[in-house]
Amino acid sequence: MAKKQAQRKGRLTVDDVRELALALPATQERPSYGTPGFRVSDKLFARVLDEDSIVLKVDFDHREALLQSQPEVFRVTPHYQDWPMVIVQLTTVKRPLLQSLLKEAWRRCASAKVLKAEQAPPAQAPSSRTVKKAPARKRGPARKA
């Protein structure tokens, strides 16, 4: 356990990515090109490239802003240049930023049904004070046949 804590101090790991991604509703982990991939509504929103980096779905404008603001964290290879994806370096990204980016990528891929369920307040069992019973129906005299 001390080893895992030591790793967390310096950098995030693939296990951290898995924990954050699978915490999002309706997310499934399935292999993608031989590495762990994370999907919602059967759409890939993130995948592990190697032990030091992942790729996330983002829109092109946001990707440009990320690349310009934090080049030590974000990059794009020629392979991803024409795709709405950005590579995130686990060695330099901070956990809150990665969590936010995963959630944004998840939202881009989630179906309307999943998004609606995620935004709905949790159902609560009615308390005995709020339950109103319907008034008893009065029956007339029994009819003879």
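For the structure itself, consult the block above.
Nothing here was measured: the structure is a model prediction, and the numbers come from that model.

## Focus on the side chain of Gln89
With respect to the helices and strands, the residue Gln89 is situated in strand 6 (residues 85-89). Judged by relative accessible area, Gln89 falls into the buried class, the value being 15%. A polar side-chain atom of Gln89 sits 2.6 Å from a polar atom in the side chain of Arg75. Filtering out sequence-adjacent residues up to four positions away, Gln89 remains in contact with Asp52, Ser53, Glu72, Val73 and Arg75.

## Brief notes about the sheet that holds strand 3 (residues 43-50)
Each strand in a sheet pairs with its neighbour through backbone hydrogen bonds, running either in the same direction (parallel) or in the opposite one (antiparallel). Strand order in the open sheet formed by 6 strands is 1-2-3-4-6-5, with antiparallel pairing between adjacent strands. Of all strands in the sheet, those bounded by a partner on one side alone are strand 1 (27-32) and strand 5 (74-75). Relative to strand 6, strand 5 is paired through 2 bridges, and the arrangement is antiparallel. Following the sheet pairing, Arg75 is matched in strand 6 by Ile87. Contacting strand 5 and strand 6, helix 3 (residues 60-69) runs over the sheet at an angle of about 30° to strand 6.

## Some words on the nonpolar core
With 29 residues, the main nonpolar core has Phe45, Ile54, Leu56, Val88, Leu90, Leu98 and Leu102 as its most contacted residues. At the level of secondary structure, the elements contributing two or more residues to this core comprise helix 2 (14-22), strand 2 (35-40), strand 3, strand 4 (53-57), strand 6 and helix 4 (95-109). In terms of residues, this core owes the most to one element, helix 4, which gives 6 residues. Not counting chain neighbours up to four residues away, the residues in contact with Leu56 comprise Phe45, Ala46, Pro84, Met85, Val86, Val88, Leu98, Leu101, Leu102 and Ala105.

## Examining the environment of Glu72
When you line up the elements, Glu72 lands in the loop between helix 3 and strand 5. You can call Glu72 partly exposed: its relative accessible area is 47%. When the C-alpha atoms of Glu72 and Thr92 are compared, they prove to be 6.9 Å apart, with 20 residues separating the residues in sequence. The residues touching Glu72, leaving out its near neighbours within four places in the chain, are Gln89 and Thr92.

## A short note on the pattern of salt bridges
One pass over the structure, following the stated rule, counts 6 salt bridges. Across the pair Arg11 and Asp52 runs a salt bridge, and its minimum N-O distance is 2.8 Å. One end of the pair, Arg11, is in the loop between helix 1 (2-10) and helix 2; the other, Asp52, is in the loop between strand 3 and strand 4, and 41 residues separate them in sequence. A salt bridge links Arg18 to Glu29, with the shortest nitrogen-to-oxygen separation between them at 2.8 Å. Pair noted here: Arg18 is in helix 2 and Glu29 is in strand 1, with a separation of 11 residues, a long-range link. Of the residues examined, Glu29 reaches a relative accessible area of 33% and is grouped as partly exposed. Via salt bridges that share partners, Asp15, Arg18 and Glu29 belong to a single interconnected network.

Reading the values: rules and limits
Residues numbered from 1 in each chain as written. Predicted model: local features only at pLDDT ≥ 70, side-chain atom pairs only at ≥ 80, totals over all residues. Heavy atoms only, no water. Helix = DSSP H or I, 4+ residues; strand = E, 2+ residues; numbered from the N terminus. Buried < 20%, exposed > 50% of the residue type's maximum accessible area, 1.4 Å probe, protein only. Polar contact = N/O pair within 3.5 Å; in protein donor to acceptor, adjacent residues only side chain to side chain. Contact = heavy atoms within 4.5 Å. Pairing = 2+ DSSP bridges. Axes fitted to C-alpha atoms, helices over the stretch in contact; angles between N-to-C directions. Core = buried A, V, L, I, M, F, W, Y, C linked by side-chain atoms within 4.5 Å. Salt bridge = Lys/Arg side-chain N within 4 Å of Asp/Glu carboxyl O.

Interpretation note: all reported values are geometric properties and have no functional meaning in isolation.
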